[in-house]
Amino acid sequence: MSKYLVETYYTCTFKILHKLNELNESELSKLENRNDGEVEIIDVKLNNRKTKTIGNNTKNDNQPEKQTSKDKNIASVISGEIANISDGLNNSEVKNMDTKVKLDNKGFNPRSKMPDRRKGYIQKITIGTHKVYLHTGEYDDGKVGEIFIDTHKEGELVKALMNNFAIAISLGLQYGVPLDEFVDAFIETKFEPSGEVIGNDRILNATSILDYIFRELAISYLGREDLAHTPSIHGSSKSLVGEEENNNFIKLVKDITSKGFIRSNYREKLVDLSNYKISLKSKK
């Protein structure tokens with residue numbers, strides 16, 4: 001754990017009261033050297049705060065400067081004023097400050113970055129007269145970790161918004177936000193373009209581009225058949241999980257294919273040619 005030193009700077013306005021038996025130039029010239037004056041604080045304002053890592057300071061930096069008795073008096077009065085300000089805070093404010101400190105110190109989930117070479121698929125659809133291309137990126141285990149959204153013949157503003165929205169979703173997935181949370185948040189959002197969807201065999205219509213995108217992701221990566229408009233041609237693959245785990249061929253296929261592209265239907269999408277022998281003869 002790194003340790004940090006917090007330096008707080010205050011702007012202090014104060015006055016020093018001295019009692020003189022006689023008022024003359026000689027007595028006035030000696031006031032700066034006298035330490036029997038009474039210090040009265042007029043105003044104390046918080047200026048700013050700075051932080052620095054402990055352990056990198058030089059030896060000279062760690063040595064405090066010598067303080068005169070006058071400086072000590074001023075410091076003690078300022079400390080008393082700060083203590084009074086702290087005492088003036090009620091219990092609820094102190095509790096809120098403690099809670100805020102705890103929240104600030106709470107760590108985030110580490111980011112799981114995508115591999116440089118990853119699997120995924122591209123789905124092209126048309127909603128009304130608008131073409132939308134959905135690109136996905138997957139981890140080695142088939143879990144989706146990023147998306148890209150491209151639109152055709154749209155303005156620069158729409159393209160920029162969709163691109164940055166996709167980046168935000170991708171960062172959330174890489175920091176551990178479950179895909180279910182995004183699906184529940186954006187399903188059935190309504191804005192144009194909307195209507196009939198052409199190009200997807202499982203989704204026939206959508207109330208918006210976001211509604212379509214997260215329906216597609218939910219069906220392909222979460223197996224959410226309740227969000228599809230047409231039944232799966234091959235049915236659910238959950239009954240084949242036990243067989244697939246014992247089949248080395250299926251395990252190999254999972255490592256090299258996109259889970260979202262084949263929607264987990266490994267057996268139906270692929271043909272096992274391991275029992276076939278192929279004779280190759282060179283022609284002379």
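In this text, all values refer to a predicted model and were calculated from it rather than measured experimentally. (Residues numbered from 1 in each chain as written. Predicted model: local features only at pLDDT ≥ 70, side-chain atom pairs only at ≥ 80, totals over all residues. Heavy atoms only, no water.)

1. Digging into the overall build of the chain
Looking only at helices and strands, the chain has 11 helices and 7 strands in total. Split into buried and exposed, the 284 residues of the chain put 27% on the buried side. Look at the contacts in the chain between residues 6 or more apart in sequence, and 57% of them connect residues 24 or more apart. If you sum the accessible surface of the chain, you get close to 20,700 Å²; carbon and sulfur atoms cover 52% of it. (Helix = DSSP H or I, 4+ residues; strand = E, 2+ residues; numbered from the N terminus. Buried < 20%, exposed > 50% of the residue type's maximum accessible area, 1.4 Å probe, protein only. Contact = heavy atoms within 4.5 Å. Areas by Shrake-Rupley, 256 points an atom, 1.4 Å probe, with all protein chains shown as cover.)

2. A short note on the packing of aromatic side chains
Two descriptors summarise a pair of aromatic rings, namely the distance from one centre to the other and the angle between the planes of the rings. Scanning all chains against the criterion turns up 4 aromatic pairs. On the numbers, 6.3 Å between centres and 85 degrees between planes, the contact of phenylalanine 165 with phenylalanine 214 is edge-to-face. Of this pair, phenylalanine 165 sits in helix H5 (residues 156-174) while phenylalanine 214 sits in helix H7 (residues 209-222), placing them 49 residues apart in sequence. There is no split in this pair, since phenylalanine 165 and phenylalanine 214 are both buried. Three or more aromatic residues link up through ring pairs in this structure, and these residues are Phe165, Phe186 and Phe214. (Phe/Tyr/Trp six-rings, centres within 6.5 Å; stacked < 30°, edge-to-face > 60°.)

3. Notes on the sheet that holds strand E4 (residues 130-138)
Reading across the sheet, the 5 strands line up as E5-E4-E3-E6-E7 and stay open at both edges, with antiparallel pairing between neighbours. Taken across any chain shown, the strands that pair with only one partner, and hence form the sheet edges, are strand E5 (144-151) and strand E7 (205-206). Direction of pairing for strand E3 (residues 122-127) relative to strand E6 (residues 195-198): antiparallel, over a ladder of 2 bridges. For isoleucine 127, the partnering residue across the bridge sits in E6 and is valine 197. (Pairing = 2+ DSSP bridges.)

4. What to know about the packing of H5 against helix H6 (residues 179-186)
Orientation of H5 relative to H6, taken along the N-to-C sense of each, is 145 degrees, at an axis distance of 9 Å. Every residue of H6 that contacts H5 at Phe165, Ile169, Gly172 and Leu173 is listed here: Leu179, Phe182 and Phe186. (Axes fitted to C-alpha atoms, helices over the stretch in contact; angles between N-to-C directions.)

5. A few points about the side chain of serine 258
Mapping serine 258 onto the fold places it in the loop between helix H9 (248-256) and helix H10 (259-262). Residue serine 258 is classed as buried on the basis of its relative accessible area, which comes to 8%. Among the polar contacts made by the side chain of serine 258, one reaches the side chain of glutamate 138 at a distance of 2.6 Å. Within the local environment of serine 258, its side chain forms a polar contact with the backbone nitrogen of phenylalanine 261, the two atoms lying 3.2 Å apart. Residues in contact with serine 258, not counting those within four places in the same chain, are Lys119, Gly120, Tyr121, Glu138 and Tyr221. (Polar contact = N/O pair within 3.5 Å; in protein donor to acceptor, adjacent residues only side chain to side chain.)

6. Focus on the pattern of salt bridges
Scanning the entire structure with this criterion turns up 4 salt bridges. For arginine 215, the salt bridge goes to aspartate 211, with nearest N and O atoms at 3.1 Å. Of this pair, arginine 215 and aspartate 211 are both found in helix H7, 4 residues apart, which corresponds to roughly one turn of the helix. Residue class for arginine 215 comes out buried when judged on its relative accessible area of 10%. For aspartate 211, a relative accessible area of 1% corresponds to the buried category. Between aspartate 226 and arginine 224 there is a salt bridge, with the nearest N and O atoms lying 3.0 Å from each other. (Salt bridge = Lys/Arg side-chain N within 4 Å of Asp/Glu carboxyl O.)

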